[in-house]
Each structure stands twice: as C-alpha cells, then as structure tokens.
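# Descriptive structure summary
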Amino acid sequence: MTVLRRILLVVPMLLLAGAAVALLAPGGLGDPQPQVVTEGPSAQAYRGMVGGAGELPGWLHGLGEYGAAGGLLVLAALLARVGWLGWRRRRTPDALGALLVGLGTFLAYLVSEAVKLVVDQERPCRAFADVVTWVSCPPTGDWSFPSNHSTLAGGLAAGLVLLAPRLGYVAVPVAGAVAALRVAAGVHYPHDVLAGLLLGAAASVALLIALRPGPRR
C-alpha cells in the first residue's frame, strides 16, 4: 500500500476521532467564560467515583497522585523495549514504529493542550465544592478537558497494540487504570479521560498506518 493510500485511509479515522472529542466537549468555543459542568451522566459518574474513592483507606490515596504517572512510565518502558528489540534485531518496522508511536503520542499531547485552551472547562474539584479529593485541586486556569494523562496513555497503549499485540494485554488495562485513577483522584470527569484516550489513540495509530514501513519480503 502506497503512502498516499495510507494517508487517505487514516483521514476518515482522524475525522471520526475529532468528531467524537468535539461531541464529548462541554462547549467553550467562542465563550470567554469557563465551562462549569455540574449536571449530566459524566458529572454523576464523577461524584460516584470520587465518593467511593474517598471511603478507601488513606494509605491508598497516594494512588491518585503517583499511580497514573507510574502507569505512564510502564507504557513508556514497554514501548522503549519494543523499539530497542527492533533496533537490536534489525527489524526496521518495529524500531521505526516505536518512534512513530512516541511522536504520535507527543503530537496528541500538544493537541490536547490546545483543546484545553479552547474549551476552558473548569476542573470538577472546583465545580463541586463539597467533594473531597485524593490530591490538591490544580490551580485556576489549569483546565480539565481533555485529560493529558489519558491522552498519553491512549497513544502509547494503542501503538503497543499494533506493534506488539501480546503487550496489548498489559498496555490496555494499564491505560484504563491511568484514566480511571485521574477520575478517582478527583481532577477529571469521565468524559475528560475518554476524550484523552480517543485523541491519543487516533494520533498514534494514524502515524503508524501512514508512515510505518511494511515487513521485508
């Protein structure tokens, strides 16, 4: 398959992912006021998760602060292993694929930062003054939609699924745990992390499909 055909293949996928992220967003385009979400299924799910997390023993609360970061380190280490083995064994598609996944994940992160500035969604820990969170609420202006942690997790996990399918049995649950911990910690709504996972996965997979060379024949 030529590079042009690959690009034409990924364009609809990126458009669908972009549309899904736009549908998950609470608004914000052209509105100078921060978006405050206190109603709807995502807000209700947030209150339920945070309320349940608050009843857990105090020594588990560190998961909210360090668990998500630890999950990202695990995913990054798995990707580095795939790239290293590909380079060592002279398997160019694997080595280059790992680089493309890293690049796609980084680009998705930049897009997520740009989307945050457009949507201006207030953190749920500020929208709900009565919730008790595992971690301190980020300062005003550190917007919530989409979740950067989930964007990174989605990009790394989706890339690993394509590069080394067996690692998907580890990567997918870890990415899900990263997203869930960001909600349980009280700093994101469920729709924030879902949008982040979609954004990261779409960017990572798109670069792999478009630019990764095929195996040697």
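All values reported here derive from a predicted model rather than from experimental measurement.

On to the overall build of the protein chain. Tallying secondary structure elements over the protein chain gives eight helices and zero strands in all. Ordered by position in the sequence, the α and β elements of the protein chain form the string α-α-α-α-α-α-α-α. Computed over C-alpha atoms, the radius of gyration of the protein chain comes to 18 Å, within 12% of the 17 Å expected from 2.2 N^0.38 for 217 residues, which places it in the range of a compact globule. If one aligns the C-alpha atoms of the protein chain with their principal axes, the spans along those axes are about 60 × 45 × 25 Å. The buried share of the protein chain, taken over its 217 residues, is 45%. When the accessible area of the protein chain is evaluated, it comes to approximately 11,400 Å², of which 68% is carbon and sulfur surface. Charged side chains in the protein chain number 16 positive and 11 negative. The centres of these two groups are separated by 26 Å.

A separate point is the nonpolar core. Ranked by internal contacts, the top residues of the largest apolar core, which has 21 residues, are Leu75, Leu79, Leu160 and Leu163. For this core, the secondary structure elements donating two or more residues are α3 (62–88), α4 (92–119), α6 (148–163) and α7 (168–184). With six residues, the top contributor of residues to this core is α3. Aside from chain neighbours lying at most four places away, what touches Leu75 is Ala153, Leu156, Leu160, Ala171, Val174 and Ala175. In this structure, Tyr46, Ala179, Val183 and Val187 belong to the second largest nonpolar core, which totals 19 residues.

The next point concerns unusual backbone geometry. In this structure, Pro146 follows Phe145 across a cis peptide bond, with omega equal to -5°. Examined against the element boundaries, Pro146 turns out to sit in the loop between α5 (124–127) and α6. In this structure, Arg90 takes a positive phi of about 60° despite not being glycine. With respect to the secondary-structure elements, Arg90 resides in the loop between α3 and α4. The phi torsion at Asp120 lies on the positive side, around 55°, for a residue other than glycine. Along the chain, Asp120 falls in the loop between α4 and α5.

This next bit is on α6. Taking 1.5 Å of rise per residue, the 16 residues of α6 would be expected to cover 22 Å, and the 23 Å separating its terminal C-alpha atoms lies within 8% of that figure. Within α6, 12 of the 16 residues are buried, which leaves it mostly tucked inside the rest of the structure. Asn148, Ser150, Thr151, Ala153, Gly154, Gly155, Leu156, Ala157, Ala158, Gly159, Leu160 and Leu163 are the residues of α6 that are buried. For α6, the N-terminal capping position is held by Ser147, with its side-chain oxygen 3.5 Å away from the main-chain nitrogen of His149.

Of the residues in the protein chain, 90% have a pLDDT of 70 or more, and the chain-wide mean is 88. For the protein chain, helix α2 (residues 41–54) is the element with the lowest average pLDDT, namely 85, and α6 is the one with the highest, namely 96.

A few words now on the packing of aromatic side chains. Scanning the model with the defined rule gives three aromatic pairs in all. Aromatic side chains Tyr46 and Phe128 sit 5.8 Å apart centroid to centroid with 20° between the ring planes, which places their arrangement in the stacked category. Highlighted residues: Tyr46 in helix α2 and Phe128 in the loop between α5 and α6, separated in sequence by 82 residues. In this structure an aromatic cluster arises from ring pairing among Tyr46, Phe128 and Tyr189.

Cut-offs used in this document
Residues numbered from 1 in each chain as written. Predicted model: local features only at pLDDT ≥ 70, side-chain atom pairs only at ≥ 80, totals over all residues. Heavy atoms only, no water. Helix = DSSP H or I, 4+ residues; strand = E, 2+ residues; numbered from the N terminus. Rg over C-alpha atoms; globule rule 2.2 N^0.38 Å. Buried < 20%, exposed > 50% of the residue type's maximum accessible area, 1.4 Å probe, protein only. Areas by Shrake-Rupley, 256 points an atom, 1.4 Å probe, with all protein chains shown as cover. Lys, Arg positive; Asp, Glu negative; His and termini not counted. Charge placed at Lys NZ, Arg CZ, Asp CG, Glu CD. Core = buried A, V, L, I, M, F, W, Y, C linked by side-chain atoms within 4.5 Å. Contact = heavy atoms within 4.5 Å. Expected span 1.5 Å × (residues − 1). Polar contact = N/O pair within 3.5 Å; in protein donor to acceptor, adjacent residues only side chain to side chain. pLDDT = per-residue confidence, 0-100. Phe/Tyr/Trp six-rings, centres within 6.5 Å; stacked < 30°, edge-to-face > 60°.

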